[in-house]
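For reference, the chains in residue letters:
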Amino acid sequence: MEPSLRQIRYFLAAANAGQISRAAMDLNVSQSAITTAIKSLEDLIGARLFERHAGGVSLTYEGNLFLEHARHIIESVEEAVRIPRRIRDDVKGSINLALSYTISGYFFPPFLARFSRAFPNVKINLSEADRPTIEEGLVTNGFDLSVMLTSNIVNHEELAHDTLWRSRRRLWVDAHHKYLQKPSVSLQDVAEEPYIMLTVDEASNTAQRYWNRTPYRPNTIFRTSSVEAVRSMVANGMGVSILSDMVHRPWSLEGRRVEVIEVLDEIPTMDVGLVWHNGRSYSEATKAFIDFMHLGMGTDQSHNFAGTEIRAPVV
C-alpha cells in the first residue's frame, strides 16, 4: 500500500493546526477521518508521526522529517494538475518585487521557485527591505509590487493591499516548560516568565500594541532581530516568546524541541499579502505573478490557510 493524497493532506492539516479538532474544522471533515488517516500513515511508515498530549498533537522527529516530503508531494501534484490561466510561454518581462525580512526568510522561496518554473520568461528582480523603504519604493515606482506583512502597513492612503494569509501567534516554550501542564495560559502568565523579544519587521511594536491592552508587561531579558536566536533560547529554557506560526519550527538548530501554546488573550494575527500603489497599471508579467500567488495560496496545503479571505486586486 502507498499513502493517498488525502492522507497526506490530513497529516499536513494536523501538523499545521496542532490539534486534530482544529484540523478537522479547517478541512470540514470529521475528527475520526483525520485520526484514521494519520494512524494509517503511521502504520505504513512504521513510525509515530505525532505525540499526543492534552493540548493537542505535536510532530515527532520522524513526523518532522515526513512533513517536508509531504509538502513537496502536494506542491508537485497541484502544480502538475493546475490549468494555466495564461499561455505561460507568451508571458515575458520583469518585475521589481520587494520583500520584507520575515517574508524572504520564512515564506516566499517556495513560491518563487514554482513561479520561475511556471513562467521561465519572466525575470523577478528581488529586493529585501524594511517597511518604510518598501512603502516609499512602491509610491515612487522603485518597486512594482511587494510581498510583505500587510498588518504593518502605515501608508493606507497611497497603497492598497490584498491579504493572502493570516498566521496566528502563539506562545513558544521549551519541551519541559511548566505551562504545558496548564489547561490555559494568559498574558498574565506570560508576564511572569523571562521573555525573548523579537524585533525584526516591527515585531516588538506589534507586541507592544497588544500588551498595552492589558495591565501586564513582558519581562523582556533579551531583544534580537534573529528568529533563530529566539528559537534557540526558548528551546534551551532561557525564556518564552509569542511569535507567529509562519516562523515556527519544532526544532532548534541544536535539536531541542520548541512547543507552542494557545494564549487566551486576543492577539492579532500576522498578515501576509500583496501590496501595490493605488491606480497603477500592471504589465502582463505582474498580472501573471498576482494570479499565481492567488492560485498558490488558494490551494497550497503546506500552510494553514483555512478561513483566509482572498480578494483579487484590480489590475
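Scroll up for the structure.
Our subject in this report is the structure included herewith. (Residues numbered from 1 in each chain as written. Predicted model: local features only at pLDDT ≥ 70, side-chain atom pairs only at ≥ 80, totals over all residues. Heavy atoms only, no water.)

## Some points on the sheet that holds strand β11 (residues 258-261)
Strands pair in a sheet through their backbones, by hydrogen bonds, and they do so in one of two ways: parallel or antiparallel.
In step 1: Taking strand neighbours across the sheet as the criterion, the three strands line up as β10-β7-β11 in an open arrangement whose pairing is antiparallel. The open sheet has two edge strands with one neighbour each: β10 (241-244) and β11. Direction aside, the axes of adjacent strands within the sheet are offset by 45° on average.
In step 2: Those strands touched by helix α10 (residues 227-235) are β7 (169-174), β10 and β11, and its axis lies near 50° from that of β7. (Pairing = 2+ DSSP bridges. Helix = DSSP H or I, 4+ residues; strand = E, 2+ residues; numbered from the N terminus. Axes fitted to C-alpha atoms, helices over the stretch in contact; angles between N-to-C directions. Contact = heavy atoms within 4.5 Å.)

## Examining the sheet that holds strand β12 (residues 270-277)
In step 1: Sheet architecture is open: five strands sit in the order β4-β3-β5-β12-β6, paired in mixed fashion. Sheet topology places β4 (122-128) and β6 (159-167) at the edges, where each strand pairs with a single neighbour. Going across the sheet, the axis of each strand differs from the next one's by a mean of 20°, ignoring polarity.
In step 2: Strand direction decides the pairing type here: strand β5 (residues 145-149) and β12, joined by four bridges, are antiparallel. Counted as the bridge partner of M148 is G273 from β12.
In step 3: Relative to the sheet, helix α7 (residues 131-139) contacts β3 (93-99), β5, β6 and β12, its axis offset from that of β5 by approximately 155°.

## Some remarks on the side chain of E42
In step 1: Mapped onto the secondary structure, E42 falls in helix α3 (residues 31-45).
In step 2: The contact partners of E42, leaving out residues within four places of it in the chain, are A47, R48, L49, F50 and R52.

## Remarks on α7
In step 1: Regarding α7, the residues found buried are R131, I134, E135, G137 and L138. The arc that holds the buried residues of α7, viewed along the axis, is 165°, so those residues lie on one side.
In step 2: Two residues or fewer after α7 comes N141, characterised by a positive phi angle close to 70°. (Buried < 20%, exposed > 50% of the residue type's maximum accessible area, 1.4 Å probe, protein only. Arc of directions from axis to C-beta.)

## Section: the packing of helix α1 (residues 5-17) against helix α2 (residues 20-27)
In step 1: Orientation of α1 relative to α2, taken along the N-to-C sense of each, is 120°, at an axis distance of 8 Å. Between α1 and α2, the interaxial angle falls into the category oblique. Viewed along their axes, α1 and α2 form a crossing whose handedness is right-handed. Contact with α1, carried on its side by R9, Y10, A13, A14 and A17, involves I20, R22, A23, D26 and L27 of α2 and no other residues of that element. (Parallel < 35°, antiparallel > 145°, perpendicular 65-115°, else oblique. Left-handed = near helix turned anticlockwise from the far one by under 90°.)

## A few points about the pattern of salt bridges
Between side chains of opposite charge, pairing is possible as soon as their charged atoms come close.
In step 1: Counted under the stated rule, the structure contains 15 salt bridges.
In step 2: Between E228 and R231 there is a salt bridge; the shortest N-O distance is 2.8 Å. In this pair, E228 and R231 are both assigned in helix α10, three residues apart and thus about one turn of the helix distant.
In step 3: Here E284 ties to K287 by a salt bridge, and the two come within 3.6 Å at their closest N and O atoms. Placement of the pair is E284 and K287 together in helix α11 (residues 284-299), with a separation of three residues, close to one helical turn.
In step 4: Salt bridges here are not isolated pairs; linked through shared partners, they connect R168, R170, D245 and E262. (Salt bridge = Lys/Arg side-chain N within 4 Å of Asp/Glu carboxyl O.)

## A word on the pairing of β3
In step 1: Across seven bridges, β3 lies against β4 in parallel orientation. Paired with A98 across the bridge in β4 is S127.
In step 2: Note that β3 and β5 share three bridges and pair parallel. Pairing of L97 across the sheet is with L145, part of β5.

## A short note on the packing of aromatic side chains
In step 1: Across all of its chains, the model carries 10 aromatic pairs by this definition.
In step 2: A centroid spacing of 5.4 Å and a plane angle of 50° characterise the contact between F11 and F50, whose relative ring orientation is tilted. Here the residue F11 occupies a position in helix α1, and F50 occupies one in strand β1 (residues 50-53), the gap between them amounting to 39 residues.
In step 3: The class of F11 is buried, set by a relative accessible area of 0%.
In step 4: The exposure class of F50 is buried, given its relative accessible area of 1%.
In step 5: Grouping aromatic residues by their ring pairs yields a cluster made of F108, F115, F119, F289 and F292.
In step 6: Its guanidinium or amino end placed over the ring of W251, R257 lies 4.9 Å from that ring's centre, counting from NZ or CZ. (Phe/Tyr/Trp six-rings, centres within 6.5 Å; stacked < 30°, edge-to-face > 60°. Lys NZ or Arg CZ within 6 Å of the ring centre and 35° of its normal.)

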